[in-house]
Amino acid sequence: MIVQPVRRSSVSYPLDFNADGMVDVSWYSDDDKATAIWLMTATEVLLPGQFIPGPPGDDWTRVWSSDFSGDTMADLFWRNRVTQDVAVWLMNGTELFLAGPEIPPPLGAGWTATNTGDYNGDGMVDVFWHNPTTSSFSVTLMNATAPLLRGPALPSPLGDGWAPINAQEFNADGMTDMLWYNATTRSMAICLMAGTELLLVGPEIPAPPGDGWILAPAGDFNADGLGDVLWENPAAHLFSIWLMAGTEVLLRGPELPGLGGP
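The following refers to the structure shown. Computed from a predicted structure; not experimentally measured. (Residues numbered from 1 in each chain as written. Predicted model: local features only at pLDDT ≥ 70, side-chain atom pairs only at ≥ 80, totals over all residues. Heavy atoms only, no water.)

## Quick word on the overall build of the protein
Next, step 1: When helices and strands are counted, the protein shows zero helices and 24 strands.
Next, step 2: Radius of gyration (C-alpha) of the protein: 19 Å, near the 18 Å computed for a compact globule of 262 residues.
Next, step 3: Along the longest, intermediate and shortest principal axes, the C-alpha atoms of the protein span 50 × 45 × 30 Å.
Next, step 4: Split by element, the accessible area of the protein, about 12,200 Å² in all, is 61% carbon and sulfur.
Next, step 5: For the protein, the separation between the mean place of its 9 positive charges and that of its 31 negative charges on side chains is 11 Å. (Helix = DSSP H or I, 4+ residues; strand = E, 2+ residues; numbered from the N terminus. Rg over C-alpha atoms; globule rule 2.2 N^0.38 Å. Areas by Shrake-Rupley, 256 points an atom, 1.4 Å probe, with all protein chains shown as cover. Lys, Arg positive; Asp, Glu negative; His and termini not counted. Charge placed at Lys NZ, Arg CZ, Asp CG, Glu CD.)

## Quick word on the environment of serine 65
Next, step 1: Along the chain, serine 65 falls in strand β6 (residues 60-66).
Next, step 2: Sequence-wise, serine 65 and threonine 116 are 51 residues apart; in three dimensions their C-alpha atoms are separated by 9.2 Å.
Next, step 3: Within the structure, serine 65 has its side chain in polar contact with the side chain of arginine 62 (distance 2.8 Å). (Polar contact = N/O pair within 3.5 Å; in protein donor to acceptor, adjacent residues only side chain to side chain.)

## Focus: the pattern of salt bridges
Where charged atoms from two side chains of opposite charge approach closely, those side chains can pair.
Next, step 1: Within this structure, the stated rule accounts for two salt bridges.
Next, step 2: Measuring nitrogen to oxygen at the nearest pair gives 3.4 Å for the salt bridge that ties aspartate 30 to lysine 33.
Next, step 3: Given the relative accessible area of 11%, lysine 33 is considered buried.
Next, step 4: Three or more residues joined by partner-sharing salt bridges are found here, namely Asp30, Lys33 and Arg81. (Salt bridge = Lys/Arg side-chain N within 4 Å of Asp/Glu carboxyl O. Buried < 20%, exposed > 50% of the residue type's maximum accessible area, 1.4 Å probe, protein only.)

## Focus on the sheet that holds strand β9 (residues 95-99)
Next, step 1: Spatially, β6-β7-β8-β9 is the arrangement adopted by the four strands of the open sheet, whose pairing is antiparallel. Every interior strand has two partners, whereas the edge strands, β6 and β9, have only one. Between one strand and the next, the sheet's axes are offset by a mean angle of 30°, whatever the strand orientation.
Next, step 2: Judged from the six bridges that link them, β6 and strand β7 (residues 75-80) form a sheet pairing that is antiparallel. Counted as the bridge partner of arginine 62 is tryptophan 78 from β7. (Pairing = 2+ DSSP bridges. Axes fitted to C-alpha atoms, helices over the stretch in contact; angles between N-to-C directions.)

## Let's talk about unusual backbone geometry
Next, step 1: Positive phi outside glycine occurs at alanine 223, with the angle close to 55°.
Next, step 2: Within the secondary structure, alanine 223 sits in the loop between β20 (214-216) and β21 (229-233).
Next, step 3: Residue alanine 223 is classed as exposed on the basis of its relative accessible area, which comes to 70%.
Next, step 4: If you check the backbone angles, histidine 237 has positive phi at about 55° while not being a glycine.
Next, step 5: Residue placement: histidine 237 occurs in the loop between β21 and β22 (238-245).

## Section: the side chain of aspartate 24
Next, step 1: With respect to the helices, strands and loops of the structure, aspartate 24 is situated in the loop between β1 (10-12) and β2 (25-29).
Next, step 2: There is no salt bridge for the buried aspartate 24, and the closest opposite charge comes from arginine 62, which lies 10 Å off by N-O distance.
Next, step 3: Reaching out from aspartate 24, the side chain makes a polar contact with the backbone nitrogen of phenylalanine 17 at a distance of 2.7 Å.

## Observations regarding the side chain of serine 135
Next, step 1: For serine 135, the position within the fold is in the loop between β11 (126-131) and β12 (136-143).
Next, step 2: The exposure class assigned to serine 135 is buried, which follows from its relative accessible area of 16%.
Next, step 3: Beyond its immediate sequence surroundings of up to four residues, serine 135 is in contact with Leu154, Pro155, Ser156, Gly159 and Asp160. (Contact = heavy atoms within 4.5 Å.)

## Looking at the nonpolar core
Next, step 1: Leu179, Met188, Ile190, Leu215, Val229, Trp231 and Met244 are the most contacted members of the largest nonpolar core, which totals 15 residues.
Next, step 2: Mapped onto this core, the elements with two or more residues apiece are β16 (177-182), β17 (187-194), β21 and β22.
Next, step 3: By residue number, the principal contributor to this core is β17, which donates three residues.
Next, step 4: The next biggest cluster of nonpolar side chains, apart from the first, holds 14 residues, and it includes Phe68, Phe77, Trp111 and Val127. (Core = buried A, V, L, I, M, F, W, Y, C linked by side-chain atoms within 4.5 Å.)

All quantities given are derived from atomic positions and should not be read as evidence of function.
The following block contains the structure:
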């Protein structure tokens, strides 16, 4: 019988860590900044990995798993809550292959790494930085654990109040784009990216009619290779899927009932 790790930990970041085409389970303990990878074969545990200590210091937290080296195996992404430095750890299944160096944010205060994605189409994941104070963002292209190119600071779409929600491919050019949400105006917009540069700022698109709608991270709902949008209304227990064509709405789906109860 497989027993859950002894540390007070939580399951997170389901990705393929051993390139067998099947998603694995990773555990993270915020108490002692340790992580463990369990390789899976469908519903069964193939190999339970041991806990691996995080970067030295109390301020580091694990925030994502992504393939930073292009070897089709997921890696670990760490962020320092105080300095906002980040670090990429390359993994080989359940084992740590290479712990990358600390990478500082762009120059100036207020920057936080909020998303990752392949912004230049080279098969390696890059880092998206956001600065809500200056309403700007920046992309750092990565070469596995090290910065390849630090992009310029770019203005957030259409003014103040915008927050990056989801990095995905919206125009099928092989480069990650960014979905933005403005909680004040209750609207969304898509920025098409080309590496570190802003290719096109899409129009401001209002939320579904009525109060309580918020934008949630999503993916490709109709298998056309283009990212789509998921709206949810927690108070009304509703959700709605909007199919997208680049920066424009292709089809606004109906409001659908979610799970009942609080």
